[in-house]
Amino acid sequence: MIIADAAARLAGTPVSGVQAVHGGDLSAVWRLDLADGARMIAKQGALVATEASMLKAMAATDAPVPAVIDCEGDLLLMEWIDSDGGPGQAWDELAQVLACLHGAQGGSYGWAEDYAFGEVTIANAPADDWPTFWAERRLLPFIADLPAGLGARIEELARALPDLLPRQPCASLLHGDLWGGNVLSSGTRVAALIDPACYHGDREVDAAMLTLFDHPPTRFFDALDLDAGWRERQPAYRLWPLLVHLRLFGGHYRRGVEACLSELGH
């Protein structure tokens, strides 16, 4: 198999088995069984080098992530992580992990490179203030693909963001796609954060994304110690991943988009 040969060459060890595993929208993903009994994850895609740099940035904060074994061309080899699945019983430690991650701050909002969820570009060019970044990089790029009425509501909200979002929150290092499926746990321990889409921004973004498909306990948000008014800002931050899902997966997500807008009075 071509992937086995390429991975064996890059890892410098024979690969005895290859099994496709569920991956994201960017890359093909495999579990590799090595001849010595160890395992690795292989990802193949156009943006794996960017993912590798994100994982290394997160690792530098002591947040648990799969170690990057090697990356060459379109192939990324990573540490295999044993886990029980999503956040499960690890919400308390997840709050501590995010404190480490978000404690690493950048000089501006954004990231050195753009990224993508499938066909949806994640624009990361810097902006001088946070409401401008959220409007121009996260909300307004979807306007052309929305029905006119819904697009007008997004534009109206974008104009109002300076009155809703803080102008200069700390430019925290964000995971960027922190839904429950990207948190691996083992009992009460966070085994790893996976599949990042990093950039620097308001740490409330990661908190909001964890509410898309999961229900974090109140003590989790208490431990994060977010700034006053954070609950009122959560719909603005949930809106972006819902717009991504609407674009990628269709009309089922329109109701969520409209609900966020209604919560925000738009």
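Residues numbered from 1 in each chain as written. Predicted model: local features only at pLDDT ≥ 70, side-chain atom pairs only at ≥ 80, totals over all residues. Heavy atoms only, no water.

### Brief notes about the state of the cysteines
For step 1, the next point in the chain: Under the criterion given, the structure shown has zero disulfides.
For step 2, the next point in the chain: Between C100, a cysteine without a disulfide, and C198, which holds the nearest cysteine sulfur, the sulfur-to-sulfur distance is 15 Å. (Disulfide = S-S within 2.5 Å.)

### Considering the environment of G73
For step 1, the next point in the chain: Note on placement: G73 falls in the loop between β4 (68–72) and β5 (75–79).
For step 2, the next point in the chain: Along the chain, G73 and L101 lie 28 residues apart, while their C-alpha atoms are 28 Å from each other. (Helix = DSSP H or I, 4+ residues; strand = E, 2+ residues; numbered from the N terminus.)

### Thoughts on the nonpolar core
For step 1, the next point in the chain: Formed by 73 residues in total, the largest nonpolar core has its most connected members in W134 and L193.
For step 2, the next point in the chain: Among the elements that line this core, the one with the most residues is helix α8 (residues 230–249), at nine residues.
For step 3, the next point in the chain: Inspection of this core shows a minimum of three residues originating in each of domain 1 (1–79) and domain 2 (90–264).
For step 4, the next point in the chain: When neighbours within four sequence positions are excluded, L193 is seen to be in contact with L55, M58, P64, V65, P66, L94, V97, L101, H175, L178, N182 and V183.
For step 5, the next point in the chain: Membership of the second largest hydrophobic core comes to 13 residues, among which are W30, L32, M40 and L75. (Core = buried A, V, L, I, M, F, W, Y, C linked by side-chain atoms within 4.5 Å. Buried < 20%, exposed > 50% of the residue type's maximum accessible area, 1.4 Å probe, protein only. Domains from an automatic or database assignment. Contact = heavy atoms within 4.5 Å.)

### A few points about helix α1 (residues 2–11)
Since the α-helix packs 3.6 residues into each turn, any two residues three or four apart lie on the same face.
For step 1, the next point in the chain: Along α1, the positions that sit buried rather than exposed are I3, A4, A7, A8 and L10. Around the axis of α1, the buried residues are gathered within 165° of arc, so they sit on the same side. Facing away from the buried surface of α1 by more than 90 degrees, the exposed residues are I2, D5 and R9.
For step 2, the next point in the chain: Tucked inside the fold, the buried residues of α1 contact β1 (15–20), β2 (28–34), β3 (39–44), β4 and β5.
For step 3, the next point in the chain: Residue G12 follows α1 closely and has a positive phi angle near 75°. (Arc of directions from axis to C-beta.)

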